[in-house]
Amino acid sequence: MLVVSRRIGEEILVPEQGIIFRILEIRGNKVRVGITAPPAIRVQRRELWERIQAGLTRARAVLPAEVVDLEVEPTANGVARRP
């Protein structure tokens, strides 16, 4: 794990992937981070990702795999579409 200290406005890069993390704000023990990434790279907060995965696990238990495992791509307005 890379551990770095950053100030507001400073960035961390993952150049091979085209990802930029920018420190936007620090308030007490909370840090606001802006993330720029190519559309093909999914960026999720861990707690949301875990809820999504748990929902998929439950869905796989009751639905056919071809329904649960449909590939969809999120859009700017939140409506998913097939790639």
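Owing to the predicted nature of the structure, the values given are computational and were not obtained by experimental measurement. (Residues numbered from 1 in each chain as written. Predicted model: local features only at pLDDT ≥ 70, side-chain atom pairs only at ≥ 80, totals over all residues. Heavy atoms only, no water.)

Asker: Help me out: how do you make sense of the overall build of the protein chain in this one?
Answerer: Along the protein chain, the regular secondary structure elements total two helices and three strands. In the protein chain, the order of α-helices and β-strands from amino to carboxyl end is β-β-β-α-α. Looking at the 83 residues of the protein chain, the share that counts as buried comes to 7%. In the protein chain, the proportion of contacts linking residues at least 24 apart, taken out of those at least 6 apart, comes to 4%. As presented, the protein chain carries roughly 7,500 Å² of accessible surface, and 56% of it is formed by carbon and sulfur atoms. (Helix = DSSP H or I, 4+ residues; strand = E, 2+ residues; numbered from the N terminus. Buried < 20%, exposed > 50% of the residue type's maximum accessible area, 1.4 Å probe, protein only. Contact = heavy atoms within 4.5 Å. Areas by Shrake-Rupley, 256 points an atom, 1.4 Å probe, with all protein chains shown as cover.)

Asker: Mind showing me how you'd approach the pattern of salt bridges here?
Answerer: Think of it this way: side chains of opposite charge can pair up when their charged atoms draw near. Going through the model one piece at a time under the given rule, you end up with six salt bridges. Between arginine 32 and glutamate 25 there is a salt bridge, and its shortest N-O distance comes to 3.2 Å. Among the residues examined, arginine 32 registers a relative accessible area of 51% and is labelled exposed. Here glutamate 50 makes a salt bridge to arginine 46, at a shortest N to O gap of 3.8 Å. Residue glutamate 50 and its partner arginine 46 are both found in helix α1 (residues 46–62); the two are separated by four residues, about one turn of the helix. (Salt bridge = Lys/Arg side-chain N within 4 Å of Asp/Glu carboxyl O.)

Asker: Looking at this model, I keep getting lost on the sheet that holds strand β3 (residues 30–36). Mind explaining?
Answerer: Hydrogen bonds between backbone groups are what pair the strands of a sheet, and the pairing can be parallel or antiparallel. Read across the open sheet, the three strands follow the order β1-β2-β3; overall the sheet is antiparallel. Two strands bound the open sheet, and with one partner strand each, they are β1 (11–14) and β3. Across this sheet, the average inter-strand angle for adjacent strands is 25°, counted without regard to direction. Where β1 lies against strand β2 (residues 19–27), four bridges are found, and the strand directions are antiparallel. By the bridge assignment, leucine 13 is partnered in β2 with isoleucine 20. (Pairing = 2+ DSSP bridges. Axes fitted to C-alpha atoms, helices over the stretch in contact; angles between N-to-C directions.)

Asker: I would appreciate a short explanation of the side chain of glutamate 25 in the present structure.
Answerer: For glutamate 25, the position within the fold is in strand β2. At a separation of 2.4 Å, a polar atom in the side chain of glutamate 25 contacts the side chain of arginine 27. Once you skip the residues sitting within four places of it in the chain, glutamate 25 turns out to touch Ile8, Lys30, Val31 and Arg32. (Polar contact = N/O pair within 3.5 Å; in protein donor to acceptor, adjacent residues only side chain to side chain.)

Asker: What's the story with a nonpolar patch on the surface in this structure? I'm lost.
Answerer: A contiguous nonpolar surface patch, about 490 Å² in accessible area, is contributed by Ile8, Ile26, Val31, Val33, Ile35 and Val43. Here the nonpolar patch takes three residues from β3, the largest share from any one element. Of note, isoleucine 35 is situated in strand β3. (Patch = residues over 30% accessible without salt bridge, like charges linked within 9 Å, V, L, I, M, F, W, Y side chains within 5 Å.)

Asker: Teacher, can you tell me more about the pairing of β3 here?
Answerer: Here is the key point about a regular strand: its side chains alternate between the two faces of the sheet. For β2 and β3, the ladder comprises seven bridges, and the chain directions are antiparallel. Each bridged residue has a counterpart across the sheet, and for arginine 27 the counterpart in β3 is lysine 30. Turn length for the β2-β3 hairpin, with the two strands adjacent in sequence and antiparallel, is two residues, and the turn residue glycine 28 shows positive phi of about 60°.

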